[in-house]
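Commentary on secondary and tertiary structure
Residue strings, one per chain:
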Amino acid sequence: MREVSIGALRLDRFAEVLPPERVAVLKTAADRAAHRLAGRTVWNVSSTERGGGVAEMLQTLVAYGQGAGVRTRWVVVTGDERFFTVTKRLHNLIHGFSGDGAELDADDESHYREVLARNLEGWEEQVRPGDIVLLHDPQTVGLAGALRALGAQVIWRCHIGSDRADGHSSRAWDFLRPFVEDADAYVFSRREYAPAWLPASRVWVIPPSLDPFSAKNAPMTEESVRGALHRAGIVERLDGDGNVAFVRRNGTPGTVRVHHGLLVDEERPLPPDAAVMLQVSRWDRLKDMAGVLTGFADHEARFPDGVHLLLVGPDVRGVSDDPEGAQVLSECRQLRAALPPPTRARVHLCCLSMDDVDENAHLVNAIQRHATVVVQKSLMEGFGLTVTEPMWKERPVVASAVGGIVDQIEDDVSGVLLQDPADLDRFAALAADLFRDPGRRARIGAAAHERVTRQFLGDRHLIQYGELFAALVA
Ligand code: UDP
């Protein structure tokens, strides 16, 4: 395991976006948690410090935990390709998706155990009786038994789930159940995601949140959006160089560097006046980047002239904890290469480097703000931060009515829901309608921002964790 070093963030900053009463409630809860947890450490264990929703949230929740006076640490497990292939298979199966179709066998299970046992070496002496350990997702739940034996209280925080149990998900649960049962408490994003065999009294429902001050979500002027995208080589220059400075999580200034080759298979950046339809996702089959591409290309005529599709994901051309990523990207590249040249010129694939997490976040921020319409055509989604983020930025989002997304968007009020993600014709129609109606876009964007403010900011999330910790140490 490797520690991710995170500096403290003060809770006072919530006063910039929340009414004073709400900030006061947060601070009271934080003081209470700091008092109750004095002398204990809250550990977070996840599979990666960059890329994906879990890493995105831990980067700030860990910092706020420290800012609240609770000793909070974050470590990531290390594994080999086989380990991550097994855990990716579990991830797909829980979502009711057979993925690579391979079975999970006894060898997979012993490899999973071995890799996690190796991860604990050197950490046994650091975890103290009474500490609280949050294990995130299937990649880490196999540590529950050993950590409990050290006297820690173990919570399994599962960020994924499916609306209904089926043969695929039960195969994953059969594998995971002996590990899961070792934990003291469980957190899911929706009640429906908890398997029926878990005791209801130990299940907590805590939906994710975003941080309004991070490089991913902080306010940006139109000029700095254009500056960042131009400098990154994603959009052609419109005027001036723009302001390309941003603030890192630790408060220090950063700058967007000149990038080449973020747009894959292209020589020229997007025209500055293109109206952008955007999906930002990991290159994961369940995000259906390929379906978005085909939905746009096959129904191009529905969209007004000047609309371009931009698909953005992490750079998976090197090593990653997601072995499927490179394959999914390559399928999208092939689909794009096969399009007639005029359509191909309106479809762009963008791979953002994850080497500098803050710079990546700043670029995603700029890209989301630059989009006219954001889509998230996932086939399954535990809860989509890539939905919450553009909603916070007042963008209208068209998203599949699957998993946690139905808790995020109220159809035709704070976004638009696509009932059947396989219906490409309907998908194109819903998105194209929004491009034609600026008034509706503005109404939906304002309602979306309002909804995120009410339900999906960090104060609610931190208070719920505080309540869970209090119940465990009582
Ligand atoms: N993300 C990113 N760069 C990328 C692709 C995704 O920073 O190239 C971020 C995205 O902004 C969001 C997170 O990764 O914060 C994805 O979280 P989500 O809950 O949508 O899906 P997950 O990846 O956890 O399934």
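Scroll up for the structure.
Heads up: these notes are all about the structure in this document.

The rules we used
Residues numbered from 1 in each chain as written. Predicted model: local features only at pLDDT ≥ 70, side-chain atom pairs only at ≥ 80, totals over all residues. Heavy atoms only, no water. Helix = DSSP H or I, 4+ residues; strand = E, 2+ residues; numbered from the N terminus. Expected span 1.5 Å × (residues − 1). Buried < 20%, exposed > 50% of the residue type's maximum accessible area, 1.4 Å probe, protein only. Contact = heavy atoms within 4.5 Å. Pairing = 2+ DSSP bridges. Axes fitted to C-alpha atoms, helices over the stretch in contact; angles between N-to-C directions. Core = buried A, V, L, I, M, F, W, Y, C linked by side-chain atoms within 4.5 Å. Near = heavy atom within 4 Å. Polar contact = N/O pair within 3.5 Å; in protein donor to acceptor, adjacent residues only side chain to side chain. Areas by Shrake-Rupley, 256 points an atom, 1.4 Å probe, with all protein chains shown as cover. Nonpolar A, V, L, I, M, F, W, Y, C, P; charged D, E, K, R; others polar. Left-handed = near helix turned anticlockwise from the far one by under 90°. Right-handed = clockwise from strand over helix to strand, strands pointing away.

Take helix α3 (residues 81–94) next. Its 14 residues give α3 an end-to-end C-alpha distance of 20 Å, which sits within 8% of 20 Å, the value for a rise of 1.5 Å per residue. With eleven of 14 residues buried, α3 lies mostly within the body of the structure. Residues of α3 that are buried include every one of F83, F84, V86, T87, K88, R89, L90, H91, N92, L93 and I94, and no others. On its buried side, α3 packs onto α4 (106–120), α5 (138–141) and α7 (167–180). A positive backbone phi angle near 75° is found at G96, which sits one or two residues after α3.

Taken in spatial order, the seven strands make up an open sheet running β10-β13-β12-β11-β14-β15-β16, and their pairing is mixed. With one partner strand each, in any of the chains shown, β10 (263–264) and β16 (416–418) form the two edges of the open sheet. The pairing of β10 with strand β13 (residues 347–352) spans two bridges and is classified as antiparallel. Each bridged residue has a counterpart across the sheet, and for L263 the counterpart in β13 is C350. The strands touched by helix α12 (residues 357–370) are β11 (275–280), β12 (307–314) and β13; relative to β11, the strand with the most contacts, the crossing angle is about 135°. Sheet strands in contact with helix α15 (residues 424–436) are β11, β12, β14 (373–376), β15 (397–400) and β16, and its direction is about 165° off that of β16.

Attention now goes to helix α13 (residues 385–392). Counting buried residues along α13, eight of its eight residues qualify, which places the element largely inside the surrounding structure. What α13 keeps buried is the set L385, T386, V387, T388, E389, P390, M391 and W392. Just past α13, the residue E394 takes up positive phi, approximately 65°.

What follows is about the nonpolar core. Membership of the largest hydrophobic core comes to 83 residues, with the highest contact counts inside it found for I155, I234, L278, L310, L352 and F469. In this structure, I155 is in contact with I132, V133, L134, L135, A185, V187, L468, F469 and L472, ignoring residues within four places of it in sequence. Among the nonpolar cores identified, the runner-up in size contains 43 residues, and F83, V86, L104 and L286 belong to it.

Before going further, it helps to examine the site of the ligand. Neighbouring residues of the ligand: 18 residues in total, closest G53, R282, K287, L385 and E389. A distance of 2.8 Å separates an oxygen atom of the ligand from a polar atom in the side chain of K287. For the ligand, an oxygen atom lies 3.4 Å from a polar atom in the backbone of G313. Isolated, the ligand exposes 540 Å² of accessible area, and the fraction of that covered by the protein chains is 92%. Those elements that place two or more of their residues in the shell around the ligand are α2 (53–67), β12, α12 and α13. Within the shell around the ligand, the residues separate by chemical class into five nonpolar, seven polar and six charged.

What follows is about unusual backbone geometry. In this structure, D137 takes a positive phi of about 70° despite not being glycine. Within the secondary structure, D137 is located in the loop between β4 (132–136) and α5. Non-glycine residue E394 carries a positive phi angle of around 65°. Tracing the chain through its elements places E394 in the loop between α13 and β15.

It is worth spelling out the environment of G101 at this point. Counting through the fold element by element, G101 comes out in the loop between α3 and α4. Counting along the chain gives 58 residues from G101 to H159, while the straight-line C-alpha distance between them is 22 Å.

Two elements in contact, α3 and α4, have axes whose closest approach is 10 Å; the angle formed by their N-to-C orientations is 115°. Here α3 and α4 pass one another in a crossing that is left-handed. Packed against α3, whose contacting residues are R82, F83, V86, T87 and R89, the element α4 presents D107, D108, H111, Y112, V115 and L116 at the interface. Its residues assigned to classes, the contact of α3 with α4 comprises five nonpolar, two polar and four charged.

Secondary-structure assignment places E381 in the loop between β14 and α13. The buried category is assigned to E381, whose relative accessible area is 6%. Looking at E381, its side chain comes within polar contact range of the side chain of S378, at 2.7 Å. What E381 contacts, discounting residues up to four positions off in sequence, is Y193, K287, Q376, V402, G403, G404 and I405.

Tracing the backbone shows H111 in helix α4. In terms of polar contacts, H111 uses its side chain to reach the side chain of D80, at 2.9 Å. Ignoring sequence-local partners within four residues, the contact set of H111 consists of D80, R82 and F83.

Within the secondary structure, P253 is located in strand β9 (residues 253–255). Taking relative accessible area as the criterion, P253 reaches 69% and is therefore assigned exposed. Among residues more than four places away in sequence, those in contact with P253 are F246 and R248.

Let us now look at the pairing of β14. Of the two faces of β14, both are covered, the one formed by V373 and V375 as well as the one formed by V374 and Q376. The pairing of β11 with β14 spans two bridges and is classified as parallel. Following the sheet pairing, M277 is matched in β14 by V373. Two strands pair when backbone bridges link them, and β14 and β15 are joined in this way by three bridges, in the parallel orientation. Its bridge partner lying in β15, V375 is registered against V398. In terms of handedness, the path from β14 via α13 over to β15 forms a crossover that is right-handed.

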